[in-house]
Structures are given as C-alpha cells and as structure tokens.
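Structural overview
Next come the chains, spelled out residue by residue.
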Amino acid sequence: MEKGIAEKILQDAPVEGILLTDPANMRYVAGFTGEGYVYLSGNHMLVVTDSRYTVAAASECPGYQVVKWSQDGYYEPLIKALKKDGIRTLGIEDEEMTVAGLDRLCGEIKEAGVKELETEPLKDYVTAYRAVKTTAEIARIKEAEAIGDRAFARILPKLGTGMSEKQVAAWLEFLMKEEGAEGFSFDTIAASGIHSAMPHAVPTDRKLTEGDFLTMDFGCRYRGYCSDMTRTVVIGQASERQREIYHTVLRAQQAALEGMRPGMTGKEIDALARDVIREAGYGDYFGHSLGHSVGLEIHERPVFSTKEETVIRPGMVITVEPGIYIEDFGGVRIEDVVVITEDGCENITYSPKELNEII
C-alpha cells in the first residue's frame, strides 16, 4: 500500500486516535488481512489479533507493533495504549461497528478507569481515502478483471441448452480459480429466461432453453482486489425484440464510456446512459444505478447514480453497467470496469460485447 497512508490519515483526522475495525480499511492502511483491529495515534501503530494471525500480521504489517490480546479483555491492548497516549477523542468506524461492539468497547474503557475519553464517529473518513486508487491498486484490479475475461472466453463453448443456471455459475467460478483467482468478489449470478429480468437473481436448477437471455455477472479477487463484469448472451437465435433491447443497452453503455470526463458528477455520468434508455422507451425498466466503484470491496464509493453529486476524479475505478429488465420476458445487462483518466476513461474489460447467439 502507499507509503505513509497511516500518517496522512492521522494528520488530517478530526480525532487524536483512530480505531480501525473494518476489514478493508485495516488491509488498506496496515496491510492486515486477519481478524482483530488496528489502532493509530501519534505514538502507536498497533495491530491487535489472536494467535491464528500473529505470524502473518508480523509479515504483512511492517512498521506496526503486533499484539496478541489476552484473557484480560479484547480491548485490553487498546486501553493500555490509550492510557499511555492520554488522548481525549477516539475515532471509531461507526458504519462498520455494531451497537454491541460499541457497548463492549465503552464498557471495557469504563472498567479500566479511562476518563474524559469520547468516541467519535468517523463516518466515511477513512474509506474516502480509498476512492482514488494508486498505480499498484489499479494493476491488481486489472489482473482480476483479466482473469474474468479469460474465464468468460472459456465458458462460451460450454454453454448450451440443458445446462442449468447453477452449472453455469459453478463453471465460471471454477474457471476463474483456474485462471488465478484467490476468491470471488460476490456470489456469481447466472440468470436465464424470465429470471434474467431480476438484476441480482440467484442461480437455480432451471435449464437453459432455446430463446433465453442468459445474464452472467461474476467477479474475482486478485491480491485482495475485486473485479466485476456482466455479459448477456442469447441461447439460440435472438428475436427482434431481444435484439432491440440488447442494442439499446449497448448503445447506452457506449454513450457513457465515450462521454464521461473527470470533473463530471456521478449523476451527470449516470444520465449519459440513462437518457439513451429513456429515449428508446425503456426508462421504466432501468431501476438501478449505472455503476459503483470497486477495490478492496466490490461496492465502494463514489457511484454513478441519479443522486451522486461527488465529482469524479482520475484514478477512480468504477463499473459501467446499464440494463433493461422486463418482467415475464427477460433482461439484459452489460458491465465493464473503467479507470477514470485525465481526459476520459480507460476500459479494462476486454470481453467482446457484440450480441452473442449460442447456436
């Protein structure tokens, strides 16, 4: 990770000490991939975990003191550091910490006799640092996306009538693993026929049938970073209505890919694609946002949506995934991942997008 990120976060923080409990933020800031927490202050950089992860943490987190918690309490190492630091404000990740977790933290602090210490919600303070990716992060996302490209190319010859949605999903996951994935970004979607009208359909035993749309939405992790892509094909020969819907979605995506620029808001970029679908008469059938950032998590911020006022900057990595979904007929989604550049975007998804009929 970028050298000095912890120091940057502390320097601008609205609190004196920071408690990280979000797994993605712990990995981003400290390199820690296990279970536990990270504490940052002007005097301390601690990774607190148990015996399952201490050896790995010592290797993953150079510059950090790795401490194993004891029977004296989960937060006992943190409280010792808090006492030494004498801080009065401790930032917590309120968007990740549960009510029970906060009660536990405050209870142990009180029992230890630490006075005049206030916990302050950090909201998205730390997460916001992850919005613009470093060169190293982008390289990992590109490799994860390339794994998906290779898996998609390999599954196409296997598709055909009689294959179930569950089998399609299983093959995609097997092929991604064979191509180098360390895990999956999310549960693979394979939705055929009328199921393809559900954007987040769960694969079933339904068999692929002549005339079906088949939407495949899948992604993997490479060195911690996520990929995401969607392709929709037709089993057999496409009907005129299927062709019209498919090419409307493709035109919408192309309008966004060609029109986006840094300095635009997520709302303005969303409109580039949404307007194409609306003008074609399918505006009521595109209900989700145009895209979301990807990184250590599959859904990050900012997004391309009708309400996103965030200004898009170079280095952000975001999906572009318009869709049309018609109940009792079927649906189409086409999704690529792009890196925002100084004058537009770089599409890092290379799988072909022309209408593919599986004959």
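The structure we're discussing is the one just above.
Everything numeric here is computed off the predicted structure, so don't read it as measured data. Per chain, the residues get numbers from 1 upward, laid out in the order the sequence is written. Restriction of local features to residues with pLDDT of at least 70 applies here, the model being predicted, together with a cutoff of 80 or more for giving and counting side-chain atom pairs; totals for whole chains, interfaces and linings are based on all residues. Neither water nor hydrogens contribute to the side-chain values; these are computed over all heavy atoms in the structure.

Bringing the overall build of the protein into the picture now. Each helix is a run of H or I in the DSSP string that is no shorter than four residues. Each strand is a run of E no shorter than two, and both are numbered from the N terminus. When its secondary structure is counted, the protein shows nine helices and 20 strands. In terms of its C-alpha atoms, the protein occupies a principal-axis envelope of roughly 75 × 40 × 35 Å. Accessible area is worked out with a 1.4 Å probe on protein chains only. A residue is then buried under 20% of its type maximum, exposed over 50%, and partly exposed in between. Evaluated residue by residue, the protein yields a buried proportion of 53% over its 359 residues. Looking at the protein alone, contacts between residues at least 24 apart form 67% of all its contacts between residues at least 6 apart. Here the open area of atoms and residues is found with the Shrake-Rupley method and a 1.4 Å probe, where only the protein chains shown may cover a residue. Here the protein displays about 16200 Å² of accessible surface, and carbon together with sulfur accounts for 49% of that area. Neither His nor the chain ends contribute to the count of charged residues, in which Lys and Arg are positive and Asp and Glu negative. Charged side chains are reduced to one point each, which is NZ for Lys, CZ for Arg, CG for Asp and CD for Glu. Here the protein contributes 39 positive and 59 negative side-chain charges, whose respective centroids are spaced 3 Å apart. The contact criterion used throughout is that any non-hydrogen atoms of two residues lie within 4.5 Å.

Attention shifts here to the pattern of salt bridges. By definition, a salt bridge exists where a carboxyl oxygen of Asp or Glu is found within 4 Å of a side-chain nitrogen of Lys or Arg. Taken as a whole and judged by the stated rule, the model has 26 salt bridges. Residue Glu-35 is joined to Arg-52 by a salt bridge in which the shortest nitrogen-to-oxygen separation is 3.1 Å. Pair noted here: Glu-35 is in the loop between helix 2 (23–30) and strand 2 (37–40) and Arg-52 is in the loop between strand 3 (45–49) and helix 3 (54–60), with a separation of 17 residues, a long-range link. Among the residues examined, Glu-35 registers a relative accessible area of 43% and is labelled partly exposed. A salt bridge links Asp-124 to Arg-301, with the nearest nitrogen and oxygen atoms 3.7 Å apart.

Below, the discussion takes up the sheet that holds strand 10 (residues 220–222). In spatial order, the strands read 7-10-11; together these three strands make up an open sheet with antiparallel pairing. At either margin of the open sheet sits one strand with a lone partner, and together these are strand 7 (183–184) and strand 11 (225–226). Pairing between strands is defined by DSSP: at least two bridges between them are needed.

Our focus in this paragraph is helix 6 (residues 135–155). Here the expected span of a helix is defined as 1.5 Å times the quantity of residues minus one. The first and last C-alpha atoms of helix 6 sit 31 Å apart over 21 residues, in line with the 30 Å expected at 1.5 Å per residue. For helix 6, the complete set of buried residues consists of Glu-137, Ile-138, Ile-141, Ala-144, Glu-145, Ile-147, Gly-148, Asp-149, Ala-151, Phe-152 and Ile-155.

Let us look at the sheet that holds strand 20 (residues 357–358). Taken together, four strands build an open sheet; the order of strands is 8-9-12-20 and the sheet is mixed. Because the sheet does not close on itself, it has two edges, and the strands there are strand 8 (189–192) and strand 20. Pairing geometry for strand 9 (residues 213–218) and strand 12 (residues 229–235), over six bridges, is antiparallel. Pairing of Asp-217 across the sheet is with Thr-230, part of strand 12. Of the strands in this sheet, strand 9 and strand 12 are in contact with helix 6, which crosses strand 12 at around 10 degrees. Helix axes use the C-alpha atoms of the stretch in contact, all axes being lines fitted to C-alpha atoms, and the angles between their N-to-C directions lie in the range 0 to 180 degrees.

Moving on, we get to the pairing of strand 3. Counting buried positions over the five residues of strand 3 gives four, a clear majority of the element. Taken together, the four bridges between strand 2 and strand 3 define a ladder with antiparallel strand orientation. When the bridges of strand 3 are listed, Val-38 appears paired with Val-47. The turn linking strand 2 back onto strand 3 is made up of four residues. In terms of strand pairing, strand 3 meets strand 4 (residues 65–68) through four bridges, oriented parallel. Bridged to Thr-49 within strand 4 is Lys-68. Here the term right-handed applies to a crossover when the path leading from its first strand over the helix to its second strand runs clockwise, the strands being oriented away from the viewer. Note on the crossover from strand 3 through helix 3 to strand 4: the handedness is right-handed.

Okay, the side chain of Thr-188 next. Assignment of secondary structure puts Thr-188 in the loop between strand 7 and strand 8. In protein, a polar contact means a hydrogen-donor-capable atom and an acceptor-capable atom, both N or O and within 3.5 Å, with residues adjacent in sequence counting only if both atoms are side-chain atoms; elsewhere, any N or O pair within 3.5 Å suffices. Within the local environment of Thr-188, its side chain forms a polar contact with the side chain of Glu-173, the two groups lying 2.9 Å apart. If sequence neighbours within four positions are ignored, Thr-188 has contacts with Ala-169, Leu-172, Glu-173, Met-176, Pro-203, Asp-217 and Phe-218.

Attention shifts here to the nonpolar core. In terms of nonpolar packing, the biggest core is built from 34 residues, with Ile-18, Leu-20, Val-29, Val-38, Leu-40, Val-47 and Tyr-64 touching the most fellow members. Only helix 1 (5–12), strand 1 (17–20), helix 2, strand 2, helix 6, strand 11 and strand 18 (336–340) provide two or more residues apiece to this core. Looking at which element gives the most residues to this core, the answer is helix 2, with five residues. One finds Ile-277, Tyr-282, Val-338 and Ile-340 within the second-largest nonpolar core, a separate group that totals 32 residues. By nonpolar core we mean a set of buried residues, namely Ala, Val, Leu, Ile, Met, Phe, Trp, Tyr and Cys, connected to one another through side-chain atoms within 4.5 Å.

Quick look at the environment of Ala-131 now. Locating Ala-131 in the fold gives a position in the loop between strand 6 (118–121) and helix 6. Taking C-alpha positions, Ala-131 is 24 Å from Ala-255, a pair spaced 124 residues apart along the chain. Each residue touching Ala-131, except ones within four places of it in the same chain, is listed here: Arg-301, Pro-302, Gly-315 and Met-316.

Moving on: the packing of aromatic side chains. The criterion for an aromatic pair is that two Phe, Tyr or Trp rings (for Trp, the six-membered ring) have centres within 6.5 Å, with stacked assigned to planes under 30 degrees apart, edge-to-face to planes over 60 apart and tilted to the rest. Inspection of the entire model under this criterion finds nine aromatic pairs. Judged by centre distance (6.4 Å) and plane angle (20 degrees), the ring pair of Phe-152 and Phe-218 falls under stacked. Taken as a pair, Phe-152 in helix 6 and Phe-218 in strand 9 lie far apart in primary sequence, 66 residues in all. Neither Phe-152 nor Phe-218 differs from the other in exposure class; each is buried. An aromatic cluster is built from Tyr-37, Trp-69, Tyr-74 and Tyr-75, whose rings are joined through pairwise contacts.

Cis rather than trans, the peptide bond between Arg-301 and Pro-302 has omega equal to 0 degrees. Within the secondary structure layout, Pro-302 lies in strand 14 (residues 300–304). A positive phi is found at Glu-116, a non-glycine position, where the angle reads about 55 degrees. Assignment of secondary structure puts Glu-116 in the loop between helix 5 (99–111) and strand 6. For Glu-116, a relative accessible area of 61% gives the class exposed. For Arg-223, which is not glycine, the phi dihedral falls at a positive 50 degrees.

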